[in-house]
Amino acid sequence: EDELTRLLDAARRRPLEDAMTIRTGPRKGEVAANVSDERTAKLRRLGQERALIYKTFVLTGLRADELRTLKVADVSFGDVPFIKLQHTNEKSRKGSTIPLRGVLAAALRHWIKGHDRTVTVCNASADILRIIEKTR
């Protein structure tokens, strides 16, 4: 649990810290570069999204392609929250239902609030596994 907490924290911080890290000169390596407020907001949101992606991977066992193709309409927040994998997006091509823990359901509900049901839950890039390795 402690390791997961550290991973999620690093995922949230990494995009902004990366942008603020000075790359050359005598201050190389310092986290002190100026970043505009607009870019800071975008990088914080990116960090939140990455943390949600990692949390979803760990708590559901989804594969990268399954998460990348997951639509808002595939997530249900009824009495027992769950994800409905479409048969076309699942490795076994059977389709399945994955129950969600309360903490993940709450995070997903907050993240997708106000989004159209046809959009993907998150922008999980094709190289998400490489990004995860970099975060560690």
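Keep in mind it's a predicted model, so treat the numbers as computed, not measured. (Residues numbered from 1 in each chain as written. Predicted model: local features only at pLDDT ≥ 70, side-chain atom pairs only at ≥ 80, totals over all residues. Heavy atoms only, no water.)

Colleague: Mind laying out the side chain of T56, listing which residues take part and the relevant values?
Modeller: With respect to the element layout, T56 can be found in helix α2 (residues 37-60). Polar contacts involving the side chain of T56 include one to the main-chain carbonyl oxygen of L52, which spans 2.7 Å. Apart from residues no more than four positions distant in its own chain, T56 is found in contact with G61, L62, L67, L104 and L108. (Helix = DSSP H or I, 4+ residues; strand = E, 2+ residues; numbered from the N terminus. Polar contact = N/O pair within 3.5 Å; in protein donor to acceptor, adjacent residues only side chain to side chain. Contact = heavy atoms within 4.5 Å.)

Colleague: Can you lay out the packing of helix α1 (residues 2-20) against α2 for me, pointing to particular residues and giving the numbers?
Modeller: At their nearest, the axes of α1 and α2 sit 8 Å apart, and the two run at 155° to each other. By the angle between their axes, α1 is roughly antiparallel relative to α2. The two elements α1 and α2 cross, and the hand of that crossing is right-handed. Counted together, L4, L7, L8, A11, R12, R14, P15, L16 and A19 of α1 and R39, T40, L43, R44, L46, G47, Q48, R50, A51, Y54, K55 and V58 of α2 form the full contact between these two elements. Residues that form the contact of α1 with α2 fall into these classes: twelve nonpolar, three polar and six charged. (Axes fitted to C-alpha atoms, helices over the stretch in contact; angles between N-to-C directions. Parallel < 35°, antiparallel > 145°, perpendicular 65-115°, else oblique. Left-handed = near helix turned anticlockwise from the far one by under 90°. Nonpolar A, V, L, I, M, F, W, Y, C, P; charged D, E, K, R; others polar.)

Colleague: Now, about the pairing of strand β2 (residues 82-85): what can you tell me, with residues and values included?
Modeller: The two faces of β2 differ: I83 and L85 on one face are buried, but F82 and K84 on the other face are not. Pairing geometry for strand β1 (residues 75-76) and β2, over two bridges, is antiparallel. When the sheet's bridge partners are listed, S76 is paired in β2 with F82. Taking the residues that link successive antiparallel strands as the turn, the β1-β2 hairpin has five residues. Across four bridges, β2 lies against strand β3 (residues 96-99) in antiparallel orientation. Counted as the bridge partner of L85 is S96 from β3. (Buried < 20%, exposed > 50% of the residue type's maximum accessible area, 1.4 Å probe, protein only. Pairing = 2+ DSSP bridges.)

Colleague: Account for the sheet that holds β1, with residues named and values stated.
Modeller: The strand order across the open sheet formed by three strands is β1-β2-β3, and the pairing between neighbours is antiparallel. A strand with exactly one partner marks an edge of an open sheet, and here the two such strands are β1 and β3.

Colleague: Tell me what's going on with the pattern of salt bridges, and back it up with residues and numbers.
Modeller: According to the stated counting rule, one finds eight salt bridges in the structure shown. Across the pair D18 and R23 runs a salt bridge, and its minimum N-O distance is 3.2 Å. Of the residues examined, R23 reaches a relative accessible area of 47% and is grouped as partly exposed. We note a salt bridge from E30 to R27, for which the minimum N-O separation is 3.1 Å. Three or more residues are tied together by salt bridges with common partners; here these are D9, R13 and E17. (Salt bridge = Lys/Arg side-chain N within 4 Å of Asp/Glu carboxyl O.)

Colleague: Tell me about the nonpolar core, residues and numbers included.
Modeller: In this structure, I53, L67, L70, V75, I83, L100 and V121 are the most contacted members of the largest nonpolar core, which totals 25 residues. Every residue in contact with I83, bar those within four places of it in the chain, is listed here: T60, L62, L70, D74, V75, S96, T97, I98 and L100. (Core = buried A, V, L, I, M, F, W, Y, C linked by side-chain atoms within 4.5 Å.)

Colleague: Let's hear about the environment of F57: which residues, and what values?
Modeller: Checked against the element boundaries, F57 lands in helix α2. Overall, the relative accessible area of 13% leaves F57 in the buried class. Separated by ten residues in the primary sequence, F57 and L67 place their C-alpha atoms 7.9 Å from one another.

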